[in-house]
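Chain by chain, the residues run as shown.
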Amino acid sequence: PIVVATKDQFVRVYNALPHRPARVFARLQVSSGARLCEMVSFIPEDFDFEVDMLAVRRSTVEVTAKYHPIGDRFLTREYTKNGEHRRFKVDHETSEMAQEHIEVHGIGPGQVIFPVRLFAATEAAGRDRLTGDEIDALGFTDELPNGRRYKHGTLGGYVTAKCRSVGACGRAHSPRSTACTPCTG
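Rules used throughout
Residues numbered from 1 in each chain as written. Predicted model: local features only at pLDDT ≥ 70, side-chain atom pairs only at ≥ 80, totals over all residues. Heavy atoms only, no water. Phe/Tyr/Trp six-rings, centres within 6.5 Å; stacked < 30°, edge-to-face > 60°. Helix = DSSP H or I, 4+ residues; strand = E, 2+ residues; numbered from the N terminus. Buried < 20%, exposed > 50% of the residue type's maximum accessible area, 1.4 Å probe, protein only. Contact = heavy atoms within 4.5 Å. Pairing = 2+ DSSP bridges. Axes fitted to C-alpha atoms, helices over the stretch in contact; angles between N-to-C directions. Parallel < 35°, antiparallel > 145°, perpendicular 65-115°, else oblique. Left-handed = near helix turned anticlockwise from the far one by under 90°. Nonpolar A, V, L, I, M, F, W, Y, C, P; charged D, E, K, R; others polar. Core = buried A, V, L, I, M, F, W, Y, C linked by side-chain atoms within 4.5 Å.

**Student:** Honestly, the packing of aromatic side chains in this entry has me stumped. Any pointers?
**Tutor:** Centre-to-centre distance and the angle between the planes together describe a pair of aromatic rings. By the definition in use, this model includes four aromatic pairs. Judged by centre distance (4.9 Å) and plane angle (80 degrees), the ring pair of Phe25 and Phe114 falls under edge-to-face. Of the two residues, Phe25 sits in helix α2 (residues 20-32) while Phe114 sits in the loop between α4 (92-104) and α5 (122-125), which places them 89 residues apart along the sequence. The two residues Phe25 and Phe114 agree in class, both being buried. Arranged with centres 6.1 Å apart and planes meeting at 75 degrees, the rings of Phe42 and Phe47 form a pair that is edge-to-face. Taken individually, Phe42 and Phe47 each receive the classification buried, so the pair is uniform in this respect. An aromatic cluster is built from Phe42, Phe47 and Phe49, whose rings are joined through pairwise contacts.

Pasting the structure below:
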């Protein structure tokens, strides 16, 4: 059975959310009924702020690199889970929150309005991270028994090859070192 939160339960959760982007996300999800895979695909053009309407037109799914055109982890499809586009009327306050969110974060046409960077934990967001060029410079892990190699400093390297070039602590380790050593913290 589907369990629906009461208004009081939602308010308690909403008030406990760590920052405004999370509250905007939660409010839109409750107001629209959109699926999570659709929520992470919203772009500014999905909103008609003059009449407080939200269009659900696409969805994002997790795929293996083999099934992604450029080998990424997530793929945004130009259709929803059930293949049908929908429009929702949202209350004016929620519409204003979404519009303000888009403006405050400088989200332009065609850009997703809830990028991961807005949801990074505060303590992790301030830590040094490797840039894409630094990750590329690290090279690849040694070959595993299955014949695969993974980029150092990536999720695949971390999970499958036990690479710790970017440690569990979230700190970037030296891009000059390709050693897969446990993070010391």
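From this point, things continue past the structure.
**Student:** What is the right way to read the environment of Gln29 from this model?
**Tutor:** Checked against the element boundaries, Gln29 lands in helix α2. When its relative accessible area of 28% is taken as the criterion, Gln29 is described as partly exposed. Placed ten residues apart in sequence, Gln29 and Met39 show a C-alpha to C-alpha distance of 7.1 Å. Aside from chain neighbours lying at most four places away, what touches Gln29 is Ala34, Arg35, Leu36 and Met39.

**Student:** What is the right way to read the sheet that holds strand β5 (residues 86-89) from this model?
**Tutor:** Strand pairing within a sheet occurs via backbone hydrogen bonds; the two strands may be parallel or antiparallel. With antiparallel pairing, the three strands of this open sheet are ordered in space as β1-β2-β5. At either end of the open sheet lies a strand with only one pairing partner, and these are β1 (47-48) and β5.

**Student:** It is not clear to me how the packing of α2 against α4 should be interpreted in this structure. Could you clarify?
**Tutor:** Geometrically, a packed helix pair is captured by the angle between its two axes and the distance between the axes. One way to put it is that α2 packs onto α4 with a least axis distance of 10 Å and a crossing angle of 140 degrees. Relative to α4, the element α2 is oriented oblique. Note that α2 runs across α4; the crossing there is left-handed. Contacts from Arg20, Pro21, Arg23, Val24, Arg27, Leu28 and Ser31 in α2 reach Glu93, Thr94, Met97, Ala98, Glu100 and His101 in α4. A breakdown of the residues in the contact of α2 with α4 according to their chemical character gives five nonpolar, three polar and five charged.

**Student:** Is there a simple way to explain the nonpolar core in this structure?
**Tutor:** Considering soluble globular proteins, one finds that nonpolar side chains tend to be buried as a cluster. Among the nonpolar cores identified, the biggest contains 19 residues, and Leu28, Met39, Phe42, Phe47, Leu54, Ile113 and Phe114 are the most heavily contacted of them. When contributions to this core are tallied by element, the ones reaching two or more residues are α2, β2 (53-56) and α4. For this core, the element with the most residues is α2, which contributes four residues. Once residues within four sequence positions are removed from consideration, Phe47 is found in contact with Leu28, Met53, Leu54, Ala98, Ile102 and Ile113.

Without other data, these values stay purely geometric and don't point to any function.
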